[in-house]
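# Fold and contact review
Okay, here's what each chain looks like letter by letter:
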Amino acid sequence: MTTTDGRAVGGLEPALWRAVAVYRWLALAYAAVMISVNAGKYAHPLGGWAALGAMTVWTAVATVLFADPRRRTPAALAADMAVALGCLLATAYVETPEGLAEGRPTLPVSWVAATVLAWAVRGGRRVGLAAAALIAAGNVALHLLAGNGLSFGRSMFNGIVLLFLAGLVVGHVVRLARDAEARLSRAVELEAATRERERLARGIHDSVLQVLAMVRRRGAELGGEAAELGRLAGEQETALRALIGGDAPAPASGTADLRALLAAHGSTTVTVATPATPVTLPAPAAREIDAAVAAALDNVARHCGPDARAWVLLEDGPDGVVVSVRDDGPGIAPGRLAAAESAGRLGVAQSVRGRVRDLGGTVEIVSAPGAGTEIEMVLPADIKDFPGVPPRP
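Note that the structure is a prediction, hence the values are computed from the model and not measured. All residue numbers refer to position in the chain's written sequence, counted from 1. Residues qualify for local features only when their pLDDT is at least 70, as the model is predicted, and side-chain atom pairs are given and counted only at 80 or more; totals for whole chains, interfaces and linings, by contrast, use all residues. Calculated side-chain values reflect all of the structure's heavy atoms, with hydrogen atoms and water omitted.

### Considering the overall build of the chain
Along the chain, the regular secondary structure elements total 14 helices and seven strands. When a residue's accessible area, from a 1.4 Å probe over protein chains only, is under 20% of the maximum for its type it is buried; when over 50% it is exposed; and in between it is partly exposed. For the chain, the proportion of its 393 residues judged to be buried stands at 37%. The criterion used for residue contact is that any of the two residues' heavy atoms lie within 4.5 Å. Across the chain, the fraction of contacts at a sequence separation of at least 24, relative to all contacts at a separation of at least 6, is 70%. Methods summary: accessible areas were calculated by the Shrake-Rupley approach with a probe of 1.4 Å, and residue burial reflects only the protein chains presented. Of the roughly 20,800 Å² of accessible surface on the chain, 63% is carried by carbon and sulfur atoms. The secondary structure listing takes helices from DSSP runs of H or I that are at least 4 residues long and strands from runs of E that are at least 2 residues long, numbered from the N terminus.

### Notes on a nonpolar patch on the surface
Among the surface-exposed residues, Leu12, Leu129, Phe164, Leu168, Val169 and Val173 lie close enough to one another that they form a single nonpolar patch of about 430 Å² accessible area. In this fold, phenylalanine 164 is placed in helix H8 (residues 154-206). The partly exposed category is assigned to phenylalanine 164, whose relative accessible area is 31%. Think of a patch as exposed residues, more than 30% relative accessible area, with no salt bridge, where like charges cluster within 9 Å and nonpolar side chains (Val, Leu, Ile, Met, Phe, Trp, Tyr) cluster within 5 Å. The term salt bridge refers to a pairing of a side-chain nitrogen on Lys or Arg with a carboxyl oxygen on Asp or Glu at a separation within 4 Å.

### Notes on the sheet that holds strand E5 (residues 320-327)
With respect to topology, five strands assemble into an open sheet ordered E2-E4-E5-E7-E6, the strand pairing being mixed. Strand pairing shows two members of the sheet lacking a second neighbour, strand E2 (270-273) and strand E6 (362-367), which therefore form its edges. Pairwise comparison of adjacent strand axes, ignoring direction, gives a mean angle of 10° for this sheet. Fitted lines through C-alpha atoms serve as axes, helices being fitted only where they are in contact, and the angles separating the N-to-C directions of these axes extend from 0 to 180 degrees. Contacts from helix H12 (residues 283-304) reach E2, strand E4 (310-317), E5 and strand E7 (373-380), with the element oriented near 10° to E5. The rule for pairing is simple: two strands pair if DSSP sees at least two bridges between them.

### A short note on helix H2 (residues 45-65)
Along an α-helix, residues three or four positions apart point the same way, because every turn accommodates 3.6 residues. Here, expected helix span is obtained from the residue count minus one, scaled by 1.5 Å. For H2, spanning 21 residues, the distance from its first C-alpha to its last is 30 Å, which sits close to the expected 30 Å at 1.5 Å a residue. For H2, the full list of buried residues reads Gly47, Gly48, Ala51, Leu52, Met55, Trp58, Thr59, Ala62 and Leu65. Buried residues of H2, viewed axially, fall in a sector of 150°; they line one side. Of the exposed residues in H2, the ones pointing more than 90 degrees away from its buried face are Leu46, Val57 and Val64. Those residues of H2 that are buried are in contact with helix H1 (12-38), helix H3 (74-89) and helix H4 (91-94). This arc is built from the directions going out from the helix axis to the C-beta atoms.

### What to know about the nonpolar core
Note on terminology: a nonpolar core comprises buried Ala, Val, Leu, Ile, Met, Phe, Trp, Tyr and Cys residues joined through side-chain atoms within 4.5 Å. Within the largest apolar cluster, 38 residues are counted, with the highest numbers of intra-cluster contacts made by Met55, Phe66, Trp111 and Ile135. Those elements that place two or more of their residues in this core are H1, H2, H3, helix H6 (113-123), helix H7 (125-145) and H8. Of the residues forming this core, the biggest block, eight residues, is contributed by H1. Among all residues touching isoleucine 135, those that are not within four sequence positions of it are Met81, Ala84, Leu85, Leu88, Val112, Val116 and Leu163. Grouped together as the second largest cluster of nonpolar side chains are 32 residues, Leu261, Ala292, Ala296 and Val300 included.

### Section: the side chain of aspartate 290
Here aspartate 290 lies in helix H12. There is no salt bridge for the buried aspartate 290, and the closest opposite charge comes from arginine 287, which lies 8.2 Å off by N-O distance. Among residues more than four places away in sequence, those in contact with aspartate 290 are Leu261, Leu262 and His265. None of His or the chain ends enter the tally, which takes Lys and Arg as positive and Asp and Glu as negative.

### What to know about H6
Among the eleven residues of H6, ten are classified as buried, and the element is accordingly described as predominantly covered. When we look at burial in H6, the residues that qualify are Ala113, Ala114, Thr115, Val116, Leu117, Ala118, Trp119, Ala120, Val121 and Arg122.

### Overview of the environment of threonine 277
Within the secondary structure layout, threonine 277 lies in the loop between E2 and strand E3 (280-282). Separated by 20 residues in sequence, threonine 277 and aspartate 257 place their C-alpha atoms 9.5 Å apart.

### Observations concerning the pairing of E4
Pairing of E2 with E4, which is carried by four bridges, proceeds in the parallel orientation. Counted as the bridge partner of alanine 273 is leucine 313 from E4. Of the strand pairs in this sheet, E4 and E5 are connected by eight bridges, and their pairing is antiparallel. Across the sheet, the residue bridging to glutamate 315 is valine 322, located in E5. Between E4 and E5, which pair antiparallel in sequence order, lie two residues.

Put into structure tokens, the structure is as follows:
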């Protein structure tokens, strides 16, 4: 649940608002005790009781006002500050200049700190410090109105310092609380999405995948046009299995498991074999190798026909990472790749060789007419320290 301005409701922040309300009432009780004790020394005792009445009314109003997130508006906070400053400055009328010079407390005493806390909870550290600065300015103005100049006691100075510390610390805690709540909310959403995906995967596995597998088998048994339908059903079955059980795509930074990327290319005509343990590479390098393999498989489909089979083999050894793409097509005639590059067709030259070369690796192509083609991409052992390359179009 969120407020109208997008702030999270729940967790620590509502508890802080309740704590501010409790503090406001406790500080009001303390101010009442101090006014009753010092009323006989005031220049205008009735003014002190009037200020206490105003503080009591506003405490009740603020408790109800700030209980609703929709009413914690800048206008409400400004009104809170106005009441706090008004009660603070009223001390210049009620108290004697000598009393202020002796260090007797102001009428609201620590009640004004509730305003600083409210501003800090609502806006964070900077807003809390701004509120403390306004209250501090009010204390200075109070002594100027009383005719005491800028000479104020140590207790007032300590009170101002405590106000700034309260605004800073509470504002910082609120920011941390909001960040923690945002991360928790994202984690809950991710868990819910994962559970829903698992539920859908079970349903699909028990229904759609079973039907596609049956169509693939029956099509292969009947032959003819039914075999083509069976092949298409098999491809959809493979793609659907990869969709509901595959890992997330490679991130923009960090590391990625090359096995997961290459496994997505598996189909009824493409067999992918990978090690049992993760092959972890920098994410940019993993994406480049995945793109090179995709380009090689695209060439197989384009030049060898839809019935051609291909095999992708991933090996991770002490000398580096080796990725092989082999097909059972008609093979490449001698000089054909050079002629294609001269004619501007740069599929193998750029999409495969160029990508692997940028990673510091090598590409070897072995082919003969009627014997298929094998493209072996060898990456150096230090590929795991690869910083990344700009993405290719």
